[in-house]
Every structure is written in structure tokens, then in C-alpha cells.
Amino acid sequence: MWRFLTTLVMGLRLICPACRRGRMARTFYTIHQYCPACGAVLDRDHGEVTGGMAINMVLTSILGLVAGIYGLFFTGFGFAAVTTGTAVLAALFGLVFHRHACGAWVGFLHGTGAISERRRRPSSFWSFGVLLR
Ligand SMILES: [Zn+2]
């Protein structure tokens with residue numbers, strides 16, 4: 001259980017859960033397919049971020065719900081201002097949190113063993129060797 005939580009937090013922090021050294025973030029919005037430090041698989045099928053999108057959607061919805069309830073009942077703002085502010089907040093949070101959610105999904109997959117730490121990136125020159133396995 002502790003190992004699972006550690007890999008989840010490592011993924012959330014965009015640190016490779018396999019080696020705990022490599023950075024997962026490739027750009028502001030994407031993660032590397034393989035860890036740049038150890039070569040562990042981070043993204044099984046490049047661009048497959050379904051789990052990350054689900055995590056992001058759930059957390060963004062919870063944030064929007066809490067912000068909307070708080071705005072309506074505990075502030076003096078009107079309904080239109082609260083819904084507009086909540087929509088903007090949720091959209092910005094979803095954009096900023098996207099790669100962290102993808103990292104958390106990678107950490108989840110490593111924690112559950114769905115991505116094996118033994119699978120490594122093929123060497124660049126002999127990459128056709130993957131076909132010979
Ligand atoms: Zn690594």
C-alpha cells in the first residue's frame with residue numbers, strides 16, 4: 001500500500017515512479033513516452049491519456065462544485081458572477097492540472113503493476129530488434 005501511494009505521489013509530482021529521478025514532463029501539456037533517466041515506459045501508447053483525463057475531470061468537477069456552493073452561499077456575489085467565476089476557475093484548473101493528472105495516472109499504473117518497470121525503450125540504432133523478440 002505504501003509503495004502504491006508513493007508511486008501515485010511521484011506521478012502527481014511528475015517524477016518517474018520507476019527510478020524516482022527522471023522528469024516526466026515533456027512540455028507544459030504533455031509527458032514523455034519513456035523516462036529520460038531510466039527509459040521506463042511512462043506512456044504506453046503515445047497520447048493515451050484516458051486515465052489522466054478521468055482524474056482531471058473528476059477533480060475539476062469537485063473543485064467547480066465546491067467553488068460554486070461556496071460562492072453562492074458564503075459570498076455576496078450574484079448567481080451570474082459565481083457561475084462565470086466557477087467556469088473560468090474550472091477551465092484554468094483543468095488546463096494547468098492536466099499533465100499532473102496524466103502523471104498521477106502513470107503513477108497509478110506503475111503502482112498497480114500495469115506498466116512493468118522492466119520494459120525499456122529500445123536502443124535507437126537497433127530499435128528494429130523489438131520486432132525480433
Ligand atoms: Zn525513470
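Given the structure is predicted, the values throughout are model-derived calculations rather than measurements.

Student: I would appreciate a short explanation of the overall build of the chain in the present structure.
Tutor: On a plain count of helices and strands, the chain comes out with three helices and zero strands. Traced from its N-terminal end to its C-terminal end, the chain shows the element sequence α-α-α. When the 133 residues of the chain are sorted by exposure, 30% land in the buried category. Sequence-distant contacts, at least 24 apart, represent 54% of the contacts inside the chain between residues at least 6 apart.

Student: Before we go on, may I ask you to explain helix 2 (residues 50-74) in this structure?
Tutor: Note: α-helices contain 3.6 residues per turn, so residues at a spacing of three or four share the same orientation. Its 25 residues give helix 2 an end-to-end C-alpha distance of 35 Å, which sits within 8% of 36 Å, the value for a rise of 1.5 Å per residue. All of the buried residues in helix 2 are Gly52, Ile55, Asn56, Thr60 and Gly71.

Student: Can you walk me through the confidence of the model for the chain in this structure?
Tutor: Detailed conclusions should not be drawn from predicted coordinates in areas where pLDDT is low. Residue-level pLDDT values for the chain average 84, and 84% of them are 70 or greater. The least confident element of the chain, judged by mean pLDDT, is helix 1 (residues 2-12) at 89; the most confident is helix 2 at 93. Here residues 128-133 is modelled with pLDDT under 50, and outside its nearest four sequence neighbours on either side it reaches two contacts, counting other chains as well.

Student: What exactly am I supposed to notice about the packing of helix 2 against helix 3 (residues 79-112) here?
Tutor: For any two helices packed against each other, one specifies the crossing angle of their axes together with the interaxial distance. The N-to-C vectors of helix 2 and helix 3 enclose an angle of 150 degrees; their axes lie 7 Å apart at closest approach. With respect to each other, helix 2 and helix 3 are oriented roughly antiparallel. The two elements helix 2 and helix 3 meet at a crossing, and its hand is right-handed. A breakdown of the residues in the contact of helix 2 with helix 3 according to their chemical character gives 16 nonpolar, 12 polar and no charged.

Student: Hey, could you run me through the packing of helix 1 against helix 3 in this one?
Tutor: Interhelical geometry of helix 1 versus helix 3 gives an angle of 155 degrees and a closest axis separation of 6 Å. For the element pair helix 1 / helix 3, the angle class is roughly antiparallel. Remark: the crossing between helix 1 and helix 3 carries right-handed chirality. The residues of helix 3 that touch helix 1, namely those facing Arg3, Phe4, Thr7, Leu8, Met10, Gly11 and Leu12, are His100, Gly103, Ala104, Trp105, Val106, Gly107, Phe108, His110 and Gly111. Of the residues belonging to the contact of helix 1 with helix 3, the class tally is eight nonpolar, seven polar and one charged.

Rules behind the numbers
- Residues numbered from 1 in each chain as written.
- Predicted model: local features only at pLDDT ≥ 70, side-chain atom pairs only at ≥ 80, totals over all residues.
- Helix = DSSP H or I, 4+ residues; strand = E, 2+ residues; numbered from the N terminus.
- Buried ≥ 20, exposed ≤ 12 C-beta atoms within 10 Å, placed from the backbone.
- Contact = placed C-beta atoms within 7 Å.
- Expected span 1.5 Å × (residues − 1).
- pLDDT = per-residue confidence, 0-100.
- Axes fitted to C-alpha atoms, helices over the stretch in contact; angles between N-to-C directions.
- Parallel < 35°, antiparallel > 145°, perpendicular 65-115°, else oblique.
- Left-handed = near helix turned anticlockwise from the far one by under 90°.
- Nonpolar A, V, L, I, M, F, W, Y, C, P; charged D, E, K, R; others polar.

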